[in-house]
Amino acid sequence: MLFQLNIKNMALIKELNIEFEEGLNVLTGETGAGKSIIIEAINLILGGFAAPELMRDGEDSLIIEALFLLSPQEKELINNLNSNIEIVDEQGALLIGREVNNKGRNKCLINQRLINLSTLQEIGTFLVDLHGQHNHQSILDPTKHIELIDNLGGDKIMKDRKELLDHYRRWREKSKMLFKLLKDKEENTKKIDFLKFQLEEIDKTALVKDEDKALEDEEMILKNAEKIINTMEKVNFILNEGGMEQSSVRDSLKEVSIDFGEIASLDRRIEKIRENLKVVDYQFEDIVNEIVKYKDEINLDSQRLKEVESRLNLINNLKSKYGSTIEEILEYRQKIYQELEAIDYSEDKLEKLKEEINVLEDIISTISRRLNIYRRKIAEDLEKLVVRELEDLNMKRCQFEVSINTYEDDNGIEIDGKKYKIGPKGMDDVEFMISPNVGEKLRSLARIVSGGEVSRIMLALKSILSEVDQVPTLIFDEIDSGVGARLGEVIAQKLKALSKKRQVVCVTHLPQIACRAEKHFYIEKYILNNQTNIRLKEMEGEERIKEIARMLDGNQMSEITIQHAQKMLER
């Protein structure tokens, strides 16, 4: 509820503080006393337009502050509006401040934290419904009408709504995935051909790790085979064979070994040399055998050289495309193989995704159709109740209709053989329509012009929807415009009944309403230092009786009028 309102430097108000109560609060006073300024201040704190003329003459800025005390349910509802700000504190207190300077600049605060005006306006719609010549009438917002209808349906509808929302979110997510896969499908088809070509090109080469290094070594030998053979033959001749004119190194080593054997006994040092020479002889034999073997194995195979060169050219061609080494080529081969597998899998995924979407669409279709049936039944009952309430409020020929429309959409979800546009709340577009006067066409509630007419229609709707409508504070301005005593009594009774479920603030000229208030404020103008000001006084006891009498009979009130006022208050 709205607990306290502080106004500074607004119109005729220098400074004014008001504390409201739960239940029914009324503002009364002479015509032109400034009651509308209080309502305008509340409108500003809800994010309404700040006209330049609202600022008090000679001041640099106007300041409005409002303290709301909210129930745990109301606190949760409003805190869920913005995950970045704890809008309502742990005790359920919500302090809103707004300052407008003479340059038209706004500063909006919630619990001492700066917010932008659009956030203030959004929060305001959940705090107060202001009925009269103002914009903070949540029931005039067509987007909220479906919520009111569904809330009237109770747990049955809300359970379906929750289930629908869950499936709708999954359907949206999977539909986006499907769109992306279909978009990529044509590109993937071309990509598959290219990747398969690369894979085949690498695979038919049958690469072996480090094969290129071995081939390069073999190529070097084959290209220099003649030179290697000649050198090996020469070395073999010198080391192993020898001739008539020149002994081989092998023969020379044997001769030296024999000579050392003859003198080895003469000196231990010679014996040591002889033993080392034997080791050299063994090593020499290994070298000679290796040379002979190598010479016998190597050959001038030009065909093999061509094969090696051809293989190396093939490998180098792959290196120019897929990697600088065989290892990199094989890694690239694995990569494109996995990519091909993924694309093939995406085809399977595509079909599976289509099946999942079809299942979700069937569920969404079923729930949406069921919600449509529920809503039409609720709408039918609500129409009768509203017309009955409006008759009580002297709008006897008024027509009221809950318009529930559905729209076909080629990209929508199929229901009963046709495709419909469906959202997270179902297939229905709900709007309250009204024709206040005979001969007028039904039109949106938002297009009603008369402030008093709006207030009465809102009172009728709020009286019916009070159990499900979650806005904690209702403000009625001009609700008694052009109303006589009998209708005034009906309005007063309805406001009093409504105030048992919601806080109600009402600007009124009707004593029938004023006498039922939990808190009664009187507003009047006064002049101080050649400036007009407004003051507010809470009416109690004798003062309240006299104010009710004034409302009954004007300033020429009699003793009878005072007695009548007293009886009205007692009753």
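A brief structural summary. (Residues numbered from 1 in each chain as written. Predicted model: local features only at pLDDT ≥ 70, side-chain atom pairs only at ≥ 80, totals over all residues. Heavy atoms only, no water.)

Attention now moves to the sheet that holds strand 12 (residues 429-435). Across the sheet, which stays open at both edges, the three strands sit in the order 9-12-13 with antiparallel pairing between neighbours. Every other strand in the sheet has two partners, leaving strand 9 (399-405) and strand 13 (443-444) as the edge strands with one partner each. Two elements, strand 9 and strand 12, share seven bridges in a ladder whose sense is antiparallel. Looking across to strand 12, one finds that I404 is bridged to V430. Helix 4 (residues 145-152) contacts strand 9 and strand 12 of the sheet and is inclined by roughly 100° relative to strand 12. (Pairing = 2+ DSSP bridges. Helix = DSSP H or I, 4+ residues; strand = E, 2+ residues; numbered from the N terminus. Contact = heavy atoms within 4.5 Å. Axes fitted to C-alpha atoms, helices over the stretch in contact; angles between N-to-C directions.)

This part is about the pattern of salt bridges. Throughout the structure, instances matching the rule amount to 39 salt bridges. With its nearest N and O atoms 3.9 Å apart, the salt bridge here joins K384 to E380. With a gap of four residues between them, K384 and E380 both fall in helix 11 (residues 326-392), about one helical turn apart. One salt-bridge network, in which partners are shared between bridges, spans E147, D150, R161, R375, K425 and D428. (Salt bridge = Lys/Arg side-chain N within 4 Å of Asp/Glu carboxyl O.)

Looking at helix 4, one finds that the buried residues are H145, I146, L148, I149 and D150. Count one or two residues on from helix 4 and you reach G154, which has phi positive near 70°. (Buried < 20%, exposed > 50% of the residue type's maximum accessible area, 1.4 Å probe, protein only.)

In the structure shown here, the tally under the stated rule is four aromatic pairs. Taking NZ or CZ as reference, R333 lies 5.2 Å from the ring centre of Y337, over its face. Positioned over the ring face of Y526 is R535, at 4.4 Å from the centre of the ring. (Phe/Tyr/Trp six-rings, centres within 6.5 Å; stacked < 30°, edge-to-face > 60°. Lys NZ or Arg CZ within 6 Å of the ring centre and 35° of its normal.)

Negative charge collects at one region of the surface, where D251, E255, D259 and E262 lie side by side. A residue is classified by how much of its surface remains accessible, and E255, at 52% relative accessible area, is exposed. (Patch = residues over 30% accessible without salt bridge, like charges linked within 9 Å, V, L, I, M, F, W, Y side chains within 5 Å. Areas by Shrake-Rupley, 256 points an atom, 1.4 Å probe, with all protein chains shown as cover. Lys, Arg positive; Asp, Glu negative; His and termini not counted. Charge placed at Lys NZ, Arg CZ, Asp CG, Glu CD.)

Here the focus is the pairing of strand 15 (residues 503-507). Counting buried residues in strand 15 gives five out of five residues, a clear majority hidden from the surface. Side chains of strand 15 alternate between two faces, with Q503, V505 and V507 and V504 and C506 buried alike. Sheet topology note: the strand 14 (residues 473-476)/strand 15 ladder contains four bridges and is parallel. Note on strand 15: the bridge partner recorded for F476 is C506.

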